[in-house]
Structures are given as C-alpha cells and as structure tokens.
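# What the coordinates show
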Amino acid sequence: MIFIGDDLKKKIIKKIILILGPTGILIIVGLFVLVACLFTFNFFGTTVTDGYIEGNAEYAERYISVVRKNVKEGKGYVSLSRILYFYLANDKLTFDEIYTDNLDPELKQERTITDVCSREKYKKLYVCSAKEIANSGQIDTIQNKPLVLPIDSSKFTITSYFKEERVIYGKANVHSAWDFAAGAQTEVKSACAGKVVTVSFPYSSNTPNPNDGAGGNHIKVQCEGEDDLSILYAHLFPNSSKVKVGDIVTQGQILAGVGTTGNSTGNHLHFQVSRDGNVVDAMSLVDFSGGKSYSSPTINNNIPNVGGYTNRADCYAHWNDTIRRPVNGVIVDECASLPY
C-alpha cells in the first residue's frame, strides 16, 4: 500500500487546478450540484416509501391492465410496489412477466421476496442482495388474508388502484382506496364480518356531485377480529341500503348497490380499508384462494344444505354457532350459500 504525504497531496491538487483552470473547476462543481438536484427531484427513478410510490402515474396504465386481468380471472393480487421493485432493477422485464413470477398459483397471493429472489431470473439483480431485501419493506412471510371481494370479480372492472396519483374533475389527488366500476345497483357485499357503524344516504338521485368530499352515499363496517380493520363502501345507489347502524353483518352479506353519488365519474364502488385509523391497501388483505368459503354438506337427494336446512330462510331462522363457524378466525355465513 502506498501512502501519500500531505505536502505531495497539496502539490497534486495545485497541479490539477492549474491544468483545469477556473472554468474546469466551475464545471466540476456544477456537475456535483446538478446530480444532487436530479436525485432530489427523483430524476433517476421512482421512490417507493411506505407503500406509496412517488411518480406512479407513469405506470398506471400498465399496472391497471395487468392487475385487472389477474383479479378478473381470480388468480390473485400483486402490488405495484413489488412490480416496480424488480422493474426498476431491470426494465427489460414486463409487468405481466413480473406479476406472474411473483404470484403463488396455489395460495393465490404474493410470493415472499426471498422466494422470488432465489429464482434464476432474479437472483443476480442487485435488489436481491441480502442487504437490499432487508431494507426493501417487501413481504417475506405468508400473509393472512381476512377479507373477500365486495363484488363478484366477474361483475366489476378495476379503474383505480390504492395510492394512485390521478386527476379527478381537474384536481390532483392520491387515491385512498380501490375503485371497482360496475353496473348501477350491482350488489355490494360485506368484505368482512362485523358491525355497521355508519349508514349515510343523503342523495336520492344517482348523479355525481364533484363538490362532495364524503364519498356520496356510503356505509362503514367495523370488522371483527384483532386487526382493527374498518371498511368504507362509497358512492352507493340511492335507497339501496340493506342495513342500519348497529347491525351485525356476516362476511358476504349484501349491504347495498353500486352507484355514482358524490364525487364520482360513473357507477363504481370506492372500496377503502383502514387499520387503526390509517388507510391500507385493501387488495393486499383479500383472500383469492377460496379459503373464506367451504362446501356445504349434502343430503341424500344431493340438495345443498347447512345444518340440515336447504334454504336461507330456514337456515337463518335456526342461526347458531354450528352454522356460524369461524374459518381462519373469520366468521363465515354458510346460509348465504343456499337458495332462497
């Protein structure tokens, strides 16, 4: 190893200054300032923080396309954060490709980051180093999924995702929920078992109001369980509520119908989940595996039954703990599987 003395260092610096001259020195200083500014203004790429991806609008069209297709087909959900984690490391990868690679086809949820990074296609990427994974904030455990979709996936189309940067009626905002476009009065079901805490239906006409800041007609349910989840269903159709404040609802129970009341641009459901008062990604909590439902037993003539009852009226009339059984800690309404 060669050590350079202080006197020699000074002589070298003087030589560099003489060679570059004042103009050269200014150029170098200017380049340092420029690079600092570019990092400050996010010139070199998207910043991912706390699930919110700054500058995500440029990826919106590609992401909505791929998540819409996979949710419609019931394959499962992969977050934009996970897709960009790999895409920004190698932009030759497509969104479809990353989505498929990061989706566990059996569990129908996001694979752990360690699992994905162990695969040949990804393991050499810098984001798959142990240090990067540790600091990534990416999921690295199998997740509990306590919710179900509030609308049958065949009946809606995703039009906006959680934390999407968008412009509505000329005003920029960051979306606090998911938007599911569906026909007027399409059934909206409770994504969890819980208690109805808000039923607000101030609109008698199914028309938008851009000045409304409360989501138009809406219902809020406080979910059962230790997660302290609450769910807001907004822009509902006038006079479509099937519940009242204080009602105990079961997972999958009909709450109301899709509408376009309030600050809305068309018939859709605003599906917003909060934990401890803070909005969270609702789709990351939805179970696509079918684990929240199970087959009812059959009697000798092959008619589905629950506890021996073959229609909803009789089933609900004899509601008890045998019928109202928990699955993965969530109360499931078996009666809802029966015909009326």
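Residues numbered from 1 in each chain as written. Predicted model: local features only at pLDDT ≥ 70, side-chain atom pairs only at ≥ 80, totals over all residues. Heavy atoms only, no water.

Under the definition given, this model contains 2 disulfides. Each disulfide pairs two cysteine sulfurs, and for Cys 192 the partner residue is Cys 223, the sulfurs being separated by 2.1 Å. Disulfide Cys 192 to Cys 223: torsion about the S-S bond roughly -85 degrees, handedness left-handed. A residue pair is termed long-range when its members are at least 10 positions apart, and Cys 192 in the loop between β9 (187-189) and β10 (194-200) and Cys 223 in strand β11 (residues 218-223) qualify at 31 residues. On the accessibility criterion, Cys 192 (3% relative accessible area) is buried. Residue classification places Cys 223 among the buried residues on the basis of a relative accessible area of 8%. (Disulfide = S-S within 2.5 Å. Helix = DSSP H or I, 4+ residues; strand = E, 2+ residues; numbered from the N terminus. Buried < 20%, exposed > 50% of the residue type's maximum accessible area, 1.4 Å probe, protein only.)

As a further point, take the packing of aromatic side chains. A full pass over the atoms with the stated rule returns 10 aromatic pairs. Between Tyr 59 and Tyr 87, the ring centres sit 6.1 Å apart and the planes meet at 80 degrees, which makes this aromatic pair edge-to-face. One end of the pair, Tyr 59, is in the loop between β2 (52-54) and α2 (60-72); the other, Tyr 87, is in helix α3 (residues 80-87), and 28 residues separate them in sequence. Residues Tyr 59 and Tyr 87 agree in their burial class; the two are buried. Both rings, one in Tyr 59 and one in Phe 95, keep their centres 6.2 Å apart while their planes meet at 25 degrees; by these two values the pair is stacked. Placement of the pair is Tyr 59 in the loop between β2 and α2 and Phe 95 in helix α4 (residues 95-101), with a sequence separation of 36 residues. Residue classification places Phe 95 among the buried residues on the basis of a relative accessible area of 5%. Every member of this aromatic cluster is reached through a ring pair, and the members are Phe 156, Phe 180, Tyr 233 and Phe 271. Lying over the aromatic face of Phe 95, Arg 62 brings its terminal NZ or CZ to 4.8 Å of the ring centre. (Phe/Tyr/Trp six-rings, centres within 6.5 Å; stacked < 30°, edge-to-face > 60°. Lys NZ or Arg CZ within 6 Å of the ring centre and 35° of its normal.)

On to the pattern of salt bridges, then. A pair can form between side chains of opposite charge whenever their charged atoms are brought close. A full pass over the atoms with the stated rule returns 10 salt bridges. Measuring nitrogen to oxygen at the nearest pair gives 2.8 Å for the salt bridge that ties Lys 121 to Asp 101. With Lys 121 in the loop between α5 (113-117) and α6 (130-136) and Asp 101 in helix α4, this residue pair connects regions lying 20 residues apart in the sequence. You can call Lys 121 partly exposed: its relative accessible area is 39%. On the basis of relative accessibility, which here comes to 19%, the residue Asp 101 falls in the buried class. Linking Lys 244 and Asp 247 is a salt bridge whose minimum nitrogen-to-oxygen distance equals 3.0 Å. Note on Lys 244: relative accessible area 54%, which makes it exposed. (Salt bridge = Lys/Arg side-chain N within 4 Å of Asp/Glu carboxyl O.)

Let's shift gears to the pairing of strand β7 (residues 171-174). Residues in a regular strand project their side chains so that they alternate between the two faces of the sheet. Note: strand β6 (residues 165-168) against β7, 4 bridges, orientation antiparallel. Looking across to β7, one finds that Ile 168 is bridged to Lys 171. Between the end of β6 and the start of β7, which pair antiparallel, lie 2 residues, with Tyr 169 showing a positive phi angle near 50 degrees. (Pairing = 2+ DSSP bridges.)

This brings us to α3. The buried count for α3 comes to 8 of 8 residues, which makes it a mostly enclosed element. Burial in α3 covers these residues: Leu 80, Ser 81, Arg 82, Ile 83, Leu 84, Tyr 85, Phe 86 and Tyr 87.

What follows covers the side chain of Gln 251. On the secondary structure map, Gln 251 appears in the loop between β13 (248-249) and β14 (254-257). Of note is the side chain of Gln 251, whose polar atom sits 2.9 Å from the backbone oxygen of Pro 146. Within the structure, the side chain of Gln 251 is placed 2.8 Å from the backbone oxygen of Ala 191, a separation counted as a polar contact. (Polar contact = N/O pair within 3.5 Å; in protein donor to acceptor, adjacent residues only side chain to side chain.)

Once that is clear, we can look at the confidence of the model for the chain. The share of residues in the chain with pLDDT of 70 or more is 70%, and the mean pLDDT across the chain is 81. The model gives residues 33-50 a pLDDT under 50, and that stretch makes 18 contacts with residues more than four places away or in other chains. In the model, residues 293-307 has pLDDT below 50 throughout and makes 26 contacts with residues more than four positions away in sequence or in other chains. (pLDDT = per-residue confidence, 0-100. Contact = heavy atoms within 4.5 Å.)

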